[in-house]
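Report on the structure
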Amino acid sequence: MFTIGDFAAFGQVSARMLRHYDALGLLRPAVVDEVTGYRFYSAEQFGRLNRIVALKDLGFTLQQVGEIVDAKLSAEELRGMLRLRQAQLEDELARSTARLTSVEARLRLIEKEGHMPTDDVVLKRIAPTRVAELSAISPSYDGEDIGPVLQPLFGQLFERLGMAGINPCGSPVAYYEQADGETVRVHAAVPVDAGADGRTAADVDVLELPEITQAATIVHNGDMMEAERSMQTLAQWIEDNGYRSQGYAREVTLQFDPDNPANWVHEFQIPVTKPS
């Protein structure tokens, strides 16, 4: 048997927390001295303590922890539950990190207000291109929604093309179309030397990405989480030169570094018209 202090030390928790668990009925002492009121714990109680601490650290309320522990789940069942919760927390962390990056990018934009040169914008024609593509629906055009949809699409696209022996012959292109409500259809495409339109042996769509007669374009260097910088430069140029934008921009990947987004290079191409 262990005193509450020793049990707390071995279990890497505080004696105060053990008293709290006792008061809630989560972890009762094995023995309480009737005269002194001292609490004593047994080694076999470490298993319950470990479950309580793990569940608490994964964000479950103490009431939920009690219900789960009292259900006497097997180690395998509990492990599966913890892995699921771990995946949820990792997803929340990734989204929070993305939001923080976006906030930092917005702050840099605010600091540069009035100092965003538009000299790098080029007006040009974009020729039609035959592409293989996959598409899916994103809840919105927000970067937090687009990224988790677009990145897997490109992975699946290149995997299917590789298995079918079809070689890309140009830079990957992402483009977008308005769907229902706020949802957006996201297209991951890459130029190919393919035959007729339609579905290929690679189970991807092959079609001609149409010409853009006039596109305002800019090269964006760095993480796509900071795309607002270049997009707002484009917007300023469009307004200053009397054009109107038509739909979403295409994003052409000129350089991709899987280990360092700071090395990414994209060209944004947004269709424009000039009112007569």
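Data block above holds the structure.
In this text the structure is predicted, and so the values were computed from the model without any measurement. (Residues numbered from 1 in each chain as written. Predicted model: local features only at pLDDT ≥ 70, side-chain atom pairs only at ≥ 80, totals over all residues. Heavy atoms only, no water.)

Counting its regular elements, the protein contains 7 helices and 13 strands. Its C-alpha atoms give the protein a radius of gyration of 28 Å, more than 25% over the compact-globule value 19 Å for 276 residues. For the protein, the spread of C-alpha atoms along the three principal axes comes to 95 × 50 × 35 Å. Across the 276 residues of the protein, 34% fall into the buried class. Restricting to contacts in the protein with at least 6 residues of sequence separation, those with at least 24 account for 66%. Surface accessibility of the protein: about 16,100 Å² in total, with carbon and sulfur atoms responsible for 51%. Positive and negative side-chain charges in the protein, numbering 26 and 41 respectively, have mean positions lying 4 Å apart. (Helix = DSSP H or I, 4+ residues; strand = E, 2+ residues; numbered from the N terminus. Rg over C-alpha atoms; globule rule 2.2 N^0.38 Å. Buried < 20%, exposed > 50% of the residue type's maximum accessible area, 1.4 Å probe, protein only. Contact = heavy atoms within 4.5 Å. Areas by Shrake-Rupley, 256 points an atom, 1.4 Å probe, with all protein chains shown as cover. Lys, Arg positive; Asp, Glu negative; His and termini not counted. Charge placed at Lys NZ, Arg CZ, Asp CG, Glu CD.)

All right, on to the packing of helix α3 (residues 46-57) against helix α4 (residues 62-70) then. Running from N to C, α3 and α4 cross one another at 140 degrees; their axes reach a closest spacing of 9 Å. As the angle between them shows, α3 and α4 are arranged oblique. At the point where α3 passes α4, the crossing takes the right-handed sense. Side by side, α3 and α4 meet where Arg48, Arg51, Ile52, Leu55 and Lys56 of the first sit next to Leu62, Val65, Ile68, Val69 and Asp70 of the second. (Axes fitted to C-alpha atoms, helices over the stretch in contact; angles between N-to-C directions. Parallel < 35°, antiparallel > 145°, perpendicular 65-115°, else oblique. Left-handed = near helix turned anticlockwise from the far one by under 90°.)

Okay, the pattern of salt bridges next. Taken as a whole and assessed by the stated rule, the structure comprises 6 salt bridges. Between Asp22 and Arg39 there is a salt bridge whose closest N-O contact spans 2.9 Å. Of this pair, Asp22 sits in helix α2 (residues 15-24) while Arg39 sits in strand β3 (residues 39-41); the two residues are 17 residues apart in sequence, bridging distant segments of the chain. The buried category is assigned to Asp22, whose relative accessible area is 10%. As a salt-bridge pair, Glu211 and Arg125 come within 2.4 Å of each other at their nearest N and O atoms. With Glu211 in the loop between β9 (205-209) and β10 (212-221) and Arg125 in strand β4 (residues 122-126), this residue pair connects regions lying 86 residues apart in the sequence. One salt-bridge network, in which partners are shared between bridges, spans Asp22, Arg28 and Arg39. (Salt bridge = Lys/Arg side-chain N within 4 Å of Asp/Glu carboxyl O.)

On to helix α1 (residues 4-11), then. Three or more residues of α1 are buried, namely Ile4, Phe7, Ala8 and Gly11. An end-on view of α1 places all buried positions within 100 degrees of arc, on one side of the element. Those residues of α1 that are buried lie in contact with β1 (2-3), α2, β3 and α3. (Arc of directions from axis to C-beta.)

Let's shift gears to the pairing of strand β7 (residues 184-191). Counting buried positions over the 8 residues of β7 gives 7, a clear majority of the element. When strand β6 (residues 173-178) meets β7, the two strands line up antiparallel, connected through 6 bridges. From the neighbouring strand, Tyr176 faces β7, where its bridge partner is Val186. Here β6 hands over to β7 after 5 residues, with Gly181 in that stretch at a positive phi of 60 degrees. (Pairing = 2+ DSSP bridges.)

Checked against the element boundaries, Glu133 lands in strand β5 (residues 129-138). Summary of buried charges: Glu133 has no salt-bridge partner, and the nearest side chain of opposite charge, Arg185, is 7.2 Å away. At 2.5 Å, the side chain of Glu133 and the side chain of Tyr175 are in polar contact. A distance of 2.8 Å separates a polar atom in the side chain of Glu133 from a polar atom in the side chain of His187. In contact with Glu133, other than residues within four places in its own chain, are Leu157, Tyr175, His187, Ala188, Ala189, Val204, Asp205 and Leu207. (Polar contact = N/O pair within 3.5 Å; in protein donor to acceptor, adjacent residues only side chain to side chain.)

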